[in-house]
Amino acid sequence: MREKIERIRQEIDAFANDTREAVERFRLTFLARSGSIPALFEEFKAVSADEKKVLGKVLNELKNLAETRLREATARLETSATGAQSALDLTLPVIPNEVGNLHPLNQTRYRIIEIFERLGFNVSDGPEVEDDWHNFSALNFPPNHPAREMQDTFFVERNPDMLLRTHTSNVQIRLLEKQKPPVRSIMPGRVYRNEAISARAHCFFHQVEGLYVDRNVGFADLKQTLYHFAKEMFGADTKIRLRPSFFPFTEPSAEIDISCLICKGKGCNVCKYSGWVEIAGSGMVHPNVLRNVGVDPEEFTGFAFGMGIERITMLRYGINDLRLFSENDIRFLRQFQTVI
Ligand code: PHE
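Bear in mind the structure is a predicted one, so any value in this text is a computation, not a measurement. (Residues numbered from 1 in each chain as written. Predicted model: local features only at pLDDT ≥ 70, side-chain atom pairs only at ≥ 80, totals over all residues. Heavy atoms only, no water.)

Let's talk about unusual backbone geometry
Our working rule: The numbering of helices and of strands both runs from the N terminus, where a helix is a DSSP run of H or I of at least 4 residues and a strand a run of E of at least 2. Only protein chains enter the calculation, and the probe is 1.4 Å; a residue is then buried if its accessible area is under 20% of its type maximum, exposed if over 50%, and partly exposed in between.
Cis geometry is found at the peptide bond from Pro181 to Pro182, where omega equals 5 degrees. With respect to the helices and strands, Pro182 occurs in the loop between α8 (170–178) and β5 (183–192). Here Glu251 and Pro252 are connected by a cis peptide whose omega angle stands at -5 degrees. For Pro252, the location among the structural elements is in strand β8 (residues 250–259). Look at Lys264: it is not a glycine, yet its phi comes out positive at around 55 degrees. Position of Lys264 among the secondary structure elements: in the loop between β8 and β9 (276–285). With a relative accessible area of 60%, Lys264 lands in the exposed category. A positive phi angle, near 50 degrees, is found at Lys272, a position not held by glycine. Within the fold, Lys272 resides in the loop between β8 and β9.

Details of the site of the ligand
The criterion, for reference: Put simply, a residue is near a molecule or strand once any heavy atom of it comes within 4 Å of that molecule or strand. Definition of a polar contact: a pair of N or O atoms within 3.5 Å, with one able to donate and the other able to accept a hydrogen when the atoms are protein atoms, and with sequence-neighbouring residues admitted only if both atoms are side-chain atoms. Areas reported here follow the Shrake-Rupley algorithm with a probe of radius 1.4 Å; residue values treat only the protein chains shown as occluding. Amino acids are sorted into nonpolar (Ala, Val, Leu, Ile, Met, Phe, Trp, Tyr, Cys and Pro), charged (Asp, Glu, Lys and Arg) and polar (every other residue, Gly among them).
Taken together, 15 residues are adjacent to the ligand, and His167, Ser169, Arg193, Gln207 and Glu209 come closest. With respect to the ligand, the side chain of Ser169 contributes an N or O atom lying 3.0 Å from a nitrogen atom. Gln207 places a side-chain nitrogen or oxygen 2.9 Å from an oxygen atom of the ligand. When the ligand is considered free in solution it has 320 Å² of accessible area, and contact with the protein chains removes 93% of it. At the level of elements, β6 (204–214), β9 and β10 (301–308) are the ones that each hand at least two residues to the shell around the ligand. Among the elements that make up the shell around the ligand, the one with the highest residue count is β10 (three residues). In terms of residue class, the shell around the ligand is made up of four nonpolar, nine polar and two charged.

Overview of the sheet that holds strand β2 (residues 129–131)
What links the strands of a sheet is backbone hydrogen bonding, and the strands pair in either a parallel or an antiparallel sense. Heads up, the rule is: A pair of strands is labelled paired if DSSP reports no fewer than 2 bridges between them.
Strand order across the open sheet formed by three strands is β2-β4-β3, with antiparallel pairing between neighbours. Pairing within the sheet leaves two strands with one partner each, and these edge strands are β2 and β3 (155–156). As judged from the two bridges shared by β3 and strand β4 (residues 159–164), these two strands associate in the antiparallel manner. Residue pairing for β4: Val156 is matched across the bridge by Asn159.

Thoughts on the layout of surface pockets
Threshold: A 1.4 Å probe that fits but cannot get out identifies a cavity on a 1 Å grid over protein atoms alone, an open set with protein on both sides within 12 Å along at least five of seven lines counts as a pocket, and a residue lines either if it has an atom within 4 Å of a point. Grid points are joined across faces, edges and corners, and a volume is the space filled by probe spheres set on the points.
Approximately 240 Å³ is the volume found for the second largest pocket. Surrounding the second largest pocket, 16 residues form its lining, His103, Leu105, Asn106, Arg190 and His206 being those nearest its centre. Within the residue set of the lining of the second largest pocket, elements represented by two or more residues are α5 (104–117), β5, β6 and α11 (309–317). Residue composition of the lining of the second largest pocket, grouped by class: seven nonpolar, six polar and three charged.

Some thoughts on α11
Rules: By the convention used here, residues are in contact when the closest approach between their heavy atoms is within 4.5 Å.
The set of residues buried in α11 consists of Ile309, Glu310, Ile312, Thr313, Met314 and Leu315. Buried-residue contacts for α11 involve α5, β6, α9 (219–234), β8, β9 and β10. Immediately downstream of α11, the backbone of Gly318 shows phi near 65 degrees, a positive value.

A look at the packing of α9 against α11
To describe two helices that pack against each other, one gives the angle between their axes and the distance between the axes. Put simply, the rule is: Lines fitted to the C-alpha atoms define the axes, with helices restricted to the stretch that makes contact. Angles between their N-to-C directions range from 0 to 180 degrees. In what follows, roughly perpendicular refers to angles from 65 to 115 degrees, roughly parallel to angles under 35, roughly antiparallel to angles over 145, and oblique to any angle outside these ranges.
At a minimum axis separation of 11 Å, α9 and α11 run at an interaxial angle of 45 degrees. Comparing the axis directions of α9 and α11 gives the class oblique. Of the residues in α11, those touching α9 at Phe229, Met233 and Phe234 are Ile312, Leu315 and Arg316. Residues that form the contact of α9 with α11 fall into these classes: five nonpolar, no polar and one charged.

Some remarks on the domain arrangement of the protein
Quick reminder of the rule: For every domain, the bounds stem from an assignment made automatically or drawn from a database.
Split into domains, the protein comes out as domain 1 (2–86) and domain 2 (104–333). One C-alpha centre belongs to domain 1, the other to domain 2, and the line joining them spans 84 Å.

Some thoughts on α9
Spelled out, the test is: Helix span, as expected, comes to 1.5 Å for every residue beyond the first. Starting at the helix axis, one direction is taken to each C-beta atom, and the arc is that of these directions.
An ideal rise of 1.5 Å per residue puts 22 Å on 16 residues; α9 measures up with 22 Å between its terminal C-alpha atoms. Within the span of α9, buried status applies to Leu222, Thr225, Leu226, Phe229, Ala230, Met233 and Phe234. End-on view of α9: buried residues confined to an arc of 135 degrees, all on one side of the axis. Tucked into the core, α9 has its buried residues touching α5, β7 (240–247), β8, β9, β10 and α11. Gly235 occupies a position one or two residues after α9 and carries a positive phi of about 120 degrees.

If you want it as structure tokens, here you go:
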């Protein structure tokens, strides 16, 4: 019996009673009615009177030890629980759970893509660092032509043939070089111009290019496509106006204006009191461009357009300064939370 007592003492010492469950297990193992210590007391009844004197003392010590351990462990749990409770100050204000959102320019980009995808346009991509051929020459800009002057950009010093693209029209060329018509695609992306930064201009901005080349594509298709786009994007009562314009890569060319959303055509400072705001350049693809990519202009015709994503976003939300889009001011950006 002495050995049993000794073994149980060792068990008590080794018992890790650091959780609520462990403390309860400790109690059940040693002290509860069916535990090992009451069982010893039962055995104790049967030992001889001599032995009782000695063993009685040892047995009581064992029982005290187990009870003390149980009390200590329970107390420890309680203080740590109350300790945890006092660290949790329920009167503190809640830390707000910040939900991110898409940048307003991306929201507009996705909306534009959505509208054109429904018309059967797919989405293409091209490089921002481009060579002269794809950005200018293939688009029918003759060397030293003044039209290049309107799109001054940043050139790569070590290789003057490379530049930051001034428009997404380079993707028209890249697409037609690898894909025979019919081609019906839109091409969103970032473009660069060497301009002084102001509320209306920046050294980079975003465009979406559109290109539709097939047999029998006419100017009416261009007009109807952009009219549909304007109504989808800005509302069913939006009107469009086409103004004659010039681009080397389209002939004829037109600027697309929409009726001013802010004043509904009455005249305000957004539309400079004209009632109309420009949203895109467009035109019929110039025969020279088709020839440059090996497409026969006698067989195929097409239209193209390029619109500024910033401009459309500014009209959509009534934003009056282009610089806001690239300053990363969270107070500006978090106003464009959307439920997706
Ligand atoms: N690339 C022209 C620009 O950036 C826009 C445009 C695209 C015009 C396609 C006509 C056709 O100003």
